[in-house]
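Residue strings, one per chain:
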Amino acid sequence: MKPSLTPIEPAARHGRKKLYVSINKKFVLSHLSSAVWLTFSIYLSLPWLKDLSEIVTLPISILIIGGIAYLPGYMNAFLLMSLLLDRQPSFKNPDPDKEVTLLVAAFNEENTIFQTLSYVASQDYKGKIKAIVIDNRSSDNTYCELVRAQKELNLEIKVLKESKPGKFHALNKGLQHVTTEYVISLDADTLLHPSAVRFLVARMESSPEEVCAVAGSMLVRNSRENLLTKIQEWDYYLGIASIKRLQGLYQGTLVAQGAFSLYKTNSVRQVNGWPDAIGEDIVLTWRLLQKEWKVYFEPLAAAFTDVPSNLSHFAKQRSRWARGMIEGLNEIKPWNQPQIYTKYLTGVNLVMPYLDMVYTFFWIPGLIMAFFGYFWVVGPMTLFVLPLTILSYGILYMYQKHYVFKNLNLKVRKNILGFFAFILFYQMIMSPISVWGYFQELFKLKRVWD
C-alpha cells in the first residue's frame, strides 16, 4: 500500500446513516453465532476426536483439537459476526482545528526523520501541529537532519535530547513539554497520509468523554521488497486491522500503538506516562482502560511503516510483541479491568499462549506427519476452520477497499502471492516466534528492541 499525497475530497468525509444496533446486542449476537459454530464443529469432529484418543488419550485429544479447531473456530466466528455488525459512526465535525502536539522518539534515524516530518508538515489539518522530537542518544546525523527540518519545513519543531536509553524515557521527556489537550505519538520512520491527523482528532472529537485515546491504522510501505514483506502487508491490511476493528467496536482497543496514536494528554499523565516495558504502548493502553476510560480505533487515520524484511528482524519484533502482551497480563489481570468488554478482550489474550503452543508443538508436527500419510492431528477436519477464516478476511477486504482505501484515494496492490502465503503459512511462522517471546518473558531474558 503506497502513501498518497492527495487529500480526501469533502464528499468522502461524511459517513452514511446506518441502522443502529447496541453494543450489548452485537456482543450477544456474536457470541451466539460463535456458539452455534462451535457446536457444529464439535459434532463434525467426533470421529477425529475418537481416532486421536486411541493414540494419545481423550483429555490430550481435547487439548489438541481445542487449540487447533474449537477455540480458533469460535474466535473466528465471533470476529466474523462482529465485523458484519460493525458500523463506524460518522464524524460530528470532520474538520477539527484544535492545536495538537506530536511526539517523535528518534534513535539513529538520519535516513527517515526528515521525510517523516515533511509528511507531518503536509497534513490537511486545519489546526496547528507542534512537533517535539526527542533525540535519544543518536550517534549518526539525526540531529543535523532535525536542524535541516526546522529550517526547511513549514512546521514548528522542538528538538530535545534524552540521555537515558529507551523509547519510554524519550517519550516521557517529550510529555513534560506538551501543553496541548491532545498528544500524538509517531514513530520516526512512519509516514502519515495527508488526512491522518485530521481523522484521528475528528474521531476523538466525535467520541464520548470517557474515550481517552484513538489508535490510528497502520499499513505497510515496503511490501514489494520480498515475500516476507508481501505477507506482512496482508497481516496489517487484514489481520491487525480486523482485530483493531473488533476491539474498537467493543470500546477497548487493546493497543493504542506508539507508532501512531492520539491520547488525551492529562490521561497519559494520570497513569505516569509510558512505562518501562518492552511493550510500553500495550501496558500504557491497559493502564488507561483500567481507569474506566475507553480506547477507540480510526481506520481512516492511516500511517505507513516499513516492516521487517528479514526473518531475524521479524522474529525479534513479533517475539517482543508477544512478550509485551505477557507484561500487560502480569501487570493488569483481565478480571481487574472495570468494563465487561475489556475483561473479555484482555481475557482472550490469556488463551493465546495455549493456542500458539498447540499450533507449534502439535499442529506443525502433525502437518509434517500428514505428508507421510499419518492424519492423526492434521486431516480433513482441520480444513473446516479455513473457510471461516477466508470469509472473515473477505469481508474485511471489501470494507478496507471500499470504505477505507476508496475514501483515502489509495489502491490495493495486487499481491496474490503474498495473500496465499499469508493464509497458508503465516501462522506457521508466527506461533513459534510468539512461543519464543513467551519463553523470553517467563525467564526474564534480556530485552531486545532491534
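Residues numbered from 1 in each chain as written. Predicted model: local features only at pLDDT ≥ 70, side-chain atom pairs only at ≥ 80, totals over all residues. Heavy atoms only, no water.

(A) The pattern of salt bridges, seen in detail. Taken as a whole and assessed by the stated rule, the structure comprises 20 salt bridges. Between Lys 128 and Glu 156 there is a salt bridge whose closest N-O contact spans 2.6 Å. One end of the pair, Lys 128, is in the loop between α3 (113–121) and β2 (129–135); the other, Glu 156, is in strand β3 (residues 156–161), with 28 residues separating them in the sequence. The exposure class assigned to Glu 156 is partly exposed, which follows from its relative accessible area of 40%. One continuous salt-bridge network, built from bridges that share partners, spans Asp 95, Asp 124 and Arg 198. (Salt bridge = Lys/Arg side-chain N within 4 Å of Asp/Glu carboxyl O. Helix = DSSP H or I, 4+ residues; strand = E, 2+ residues; numbered from the N terminus. Buried < 20%, exposed > 50% of the residue type's maximum accessible area, 1.4 Å probe, protein only.)

(B) Examining the packing of aromatic side chains more closely. Taken as a whole, this structure holds 24 aromatic pairs when the rule is applied. Ring centres 5.3 Å apart and planes at 80 degrees place the aromatic pair Phe 27 and Tyr 250 in the edge-to-face group. Here Tyr 250 lies in the loop between α7 (227–249) and β7 (260–264) and Phe 27 lies in helix α1 (residues 23–56), a separation of 223 residues in the sequence. Overall, Phe 27 belongs to the buried group, its relative accessible area being 15%. Look at Tyr 250 and you get buried, because its relative accessible area is 1%. Here Tyr 399 and Tyr 403 contribute two aromatic rings whose centre-to-centre distance is 5.1 Å and whose plane-to-plane angle is 35 degrees, an arrangement assigned as tilted. Of the two residues, Tyr 399 and Tyr 403 both sit in helix α12 (residues 385–407), four residues apart, roughly one turn of that helix. Its relative accessible area of 16% is what places Tyr 399 among the buried residues. On the accessibility criterion, Tyr 403 (17% relative accessible area) is buried. Following the ring pairs from residue to residue traces out a cluster consisting of Trp 234, Tyr 237, Tyr 397, Phe 405, Phe 419 and Phe 420. Between Arg 148 and the ring centre of Phe 114, over which it is positioned, the NZ or CZ distance is 3.7 Å. (Phe/Tyr/Trp six-rings, centres within 6.5 Å; stacked < 30°, edge-to-face > 60°. Lys NZ or Arg CZ within 6 Å of the ring centre and 35° of its normal.)

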